[in-house]
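Topology and contacts: notes
The residues making up each chain are set out below.
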Amino acid sequence: MSTGRPLQPRVNMSKAINTLPRSRTVTGPFGSQQGWKPSPEVAEKWKQLSQSLETDVESVQKSFVFHVSKTLARSGFNMDDFAAYQATAYALRDQLIDRWNLTQQQHSALLPKRVYYLSLEFLIGRSMDNAMLNLLVKDRYKKAVSGLGFNVEDLVGEETDAALGNGGLGRLAACFMDSLATLDYPAWGYGIRYTYGIFQQRVVDGFQVEYPDYWLTFGNPWEIQRLDVTYDVFFRGTVKTGKSPSGTPISVWEPTEKVVAVAHDYPIPGYGTKNTINIRLWSAKPTTEFDFASFNEGNYDKSVEEQFRAENITSVLYPNDNHVGGKTLRLKQQYFFVSATLRDIIRRFKKSGDPWSDFPEQVAIQLNDTHPTLGVVELQRILIDEEYLTWDEAWNIVTRTYSYTNHTVLPEALEKWSVSLMSELLPRHMQIIFDINLFFLQAVEKAYPGDRDRLRRMSVIEEGPVQYVRMAFLAVIGSHHVNGVAALHSELVRTQLFHDFAAFFGEEKFTNVTNGVTPRRWLNQANPELAELITKTLGSTQWASDLSLLAKLKPFATDEQFQQKWMKIKRDNKQRLAEYIDVACGIKVSPDALFDVQCKRIHEYKRQFMNILGVIYRYERLKEMTDEELKKQVPRVVVFAGKAAPGYFIAKLVIKLINNAAVIINDDPRTSPYLKLVFIPNYNVSLAEVIIPASDISQHISTAGTEASGTSNMKFVLNGGLIVGTVDGANIEIGEETGPDNIFLFGTLTPQVEDIRHNQIYAGKFNRNAKLESVVQSIQHGKYGFPGIFEPLLHTLGGDFYLLHADFEEYIETMAKVDSVFKDKKLWAQKSILAAASMGKFSSDRSIKEYAERIWNIKPAKVK
């Protein structure tokens, strides 16, 4: 019956007023939370209901169908391969989450020292095949999805590569995470969740054109969005003087710009272990997504302006910094990354209740290159401004926590930020950098009284018309260890790049950890036929977690039956790549030709330019041959792949020259049976898994002393490809393992490089190579397109900083030697087997063990 009064809704006031965003407090096993605590009976019920999922075929099928109907809201009458991929991925993710929860609960209970690997890139590639292999469930999933009408290999192909990296730096980080998980180390990776990756590369009229990489268009079943794990990140503003609770004067940063970092987790399973670690990626969101007042006033663009400004921070990896806006965005990106990461690390540390002096006993932070270096400054700021430690107490903690991996000896590649930009964007951090530099230089002055030139050389601040912050110097000063990534590189880091710092700190601070690659991805997953042959030959799959066992293949190198099996697998992989080239590039190539591959980031020091000049030289010699001479030549397919940075004009011209030359070479009816040239666009991890197993030779031809290590060289040899390379980076150590007969090394040695450059510039001693000059003239005469396009590229040969003239003759001779050896099929097979069998050293498992024992001081914490 009506009372005549409007009904009043019943309101839970505690919920009505709780409209603020939630944030994570603590994680861990029951009983450790600072909030809800279940009764013993409830806790027991949770344990009963939280059993791990079964992985038998029927259980997998039930999980698959559950996710089709409940997660995707589809049915068996509304299915396709992509929906089947999603359902399979969610079923696998459920298992990963089970293991991830077990791992985190054990770590929270035992509180082992953890390593936090900070990298602006994680080039993960596809996750589904890797997860099935590492969980040892691929055969069961094959049967399960087959029983439901799908082929698991087709589903693997439906996955889009995660666009979270660009080159070797990001792929190394991904390999390291795989090894950390496999070796049961307590570890976290931290990075950025890029909305559009670096870019999708297309070739238009021979030129590289960049498009957004819409890898998240259809969602990403492998990530777990953590809307409860958010942190505010601040920029700009002013710095004032205040007082700590004890009355001590402190600096107070009053920022004027704020964004929110939101966590996204990527579980990383170990191979044959329950240990499942995590990569936590940050996306940037505004504090206010929508300005309703501006919208109501008709200013629709302004109403979403804050959202765009915030989300731009994590839109693209390495924004083009050829302008001020790009530089500002890059610096914002780096600080956003380290600020959110440190907040998360500190939150986890504070759960222990231990004093700050114990922080380095629980936390090891590894800087993967200089991009996360602002973390050194940020941790110091938090300790002195927010935790009220003294400067010396804080700096002692900072320098016992961080270690730094250097990835380049090229001075121009070492990051620098202008003092003016840093002061505007991060005013308090700039003050701290000045103080770090002052106290450091005071110590240098004490050690080397009156040596002002040394102070100038070692200063974090580079003086000049524009002052710059030298981030690599800051990383060295703020770290307890600095490592290079190959023996030669580490020697150059210690004796040339940071020689003043080595003299001051002592050489023991500088060490080497040669890079490695994970055999689970780069052999077991990328080359399943070869992996199966190795397993059958060695009698187990143990090699996948102990790569040194490959040495047991060496006695089979001269076994004709084994050679035939080995080379059949190589041909099958070449056929697979040939089919891809036909579909993607419209070029038909023969799998019986020698496959000559160079796939890596396009850069002058990597010398793709020398390679294409060599290809043109080969083509022009073929054209001069008689028909009889042509028949004696080794047919060759030359494959290029790799991206040039959007603002790197010279590198983009190299791509243009490759594509122009390919049109001429591939359309020549007389010589094309003996030479084909291909540029495969949009190189990524999944494409590498097709290209690498197919190579007969791969080129790693950087100017000596410029390549830190390289890891693609390891991947190629692991798959039975031979190296044509300079005596640089990890090529040297690979050659030591394979023996000189199973690698094709050539070129100027590192100690000679500077002398040649000096003589070219100052002494007028420039030995121009006639063969290279003939190719240059052909380009200038318009044989490979309008010559004016290539003038800036050809102009680089004037000073020839990367020594193409000096190395070209020996390069051509080495290629002729390759042809000669390739004609002897048995000898080539023997070399291929011996090279692959010598790769035990180059597992990322070995690298991680060295980091753990010599730098991080962490121990395995096996999940039971």
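The preceding data block contains the structure.
Residues numbered from 1 in each chain as written. Predicted model: local features only at pLDDT ≥ 70, side-chain atom pairs only at ≥ 80, totals over all residues. Heavy atoms only, no water.

Scanning the entire structure with this criterion turns up 34 aromatic pairs. Note on tryptophan 100 and tryptophan 188: the rings are 6.4 Å apart at their centroids and 75° apart in plane angle, and the pair reads as edge-to-face. Taken as a pair, tryptophan 100 in helix H4 (residues 81-110) and tryptophan 188 in strand S2 (residues 187-192) lie far apart in primary sequence, 88 residues in all. With respect to burial, tryptophan 100 and tryptophan 188 carry one shared label: buried. Their ring planes at 75° and their centres at 5.7 Å tell us that tyrosine 231 and tryptophan 282 sit as a pair that is edge-to-face. Taken together, the residues tyrosine 231 in strand S5 (residues 224-235) and tryptophan 282 in strand S9 (residues 276-286) connect sequence positions 51 residues apart. Both residues of the pair, tyrosine 231 and tryptophan 282, count as buried. In this structure, arginine 768 is placed above the aromatic ring of phenylalanine 766, and the distance from its NZ or CZ to the ring centre is 3.9 Å. (Phe/Tyr/Trp six-rings, centres within 6.5 Å; stacked < 30°, edge-to-face > 60°. Helix = DSSP H or I, 4+ residues; strand = E, 2+ residues; numbered from the N terminus. Buried < 20%, exposed > 50% of the residue type's maximum accessible area, 1.4 Å probe, protein only. Lys NZ or Arg CZ within 6 Å of the ring centre and 35° of its normal.)

Further remarks concern the sheet that holds S5. Spatial ordering of the open sheet is given by S5-S8-S9-S2-S1-S10-S11-S15-S16, a layout of 9 strands whose pairing is mixed. Two strands in the sheet have a free side with no partner beyond their single neighbour: S5 and strand S16 (510-512). Sheet twist, expressed as the average angle between the axes of neighbouring strands with direction ignored, equals 25°. In the sheet, strand S8 (residues 257-269) pairs with S9 via 11 bridges, with the strands oriented antiparallel. Its bridge partner lying in S9, histidine 264 is registered against leucine 281. Packed on one face of the sheet, helix H12 (residues 324-350) meets strand S1 (114-118), S2, S5, S8, S9, strand S10 (363-368) and strand S11 (402-405) and runs near 115° to S5. (Pairing = 2+ DSSP bridges. Axes fitted to C-alpha atoms, helices over the stretch in contact; angles between N-to-C directions. Contact = heavy atoms within 4.5 Å.)

Packing of helix H25 (residues 608-624) against helix H34 (residues 804-822) brings their axes to within 10 Å, and their N-to-C directions diverge by 55°. Compared by their axis directions, H25 and H34 come out oblique. Regarding H25 and H34, the two cross each other, and that crossing is right-handed. Residues Phe609, Met610, Asn611, Leu613, Gly614, Tyr617 and Arg618 of H25 form the contact with H34, whose own contacting residues are Leu804, Asp807, Phe808, Tyr811, Ile812 and Asp819. (Parallel < 35°, antiparallel > 145°, perpendicular 65-115°, else oblique. Left-handed = near helix turned anticlockwise from the far one by under 90°.)

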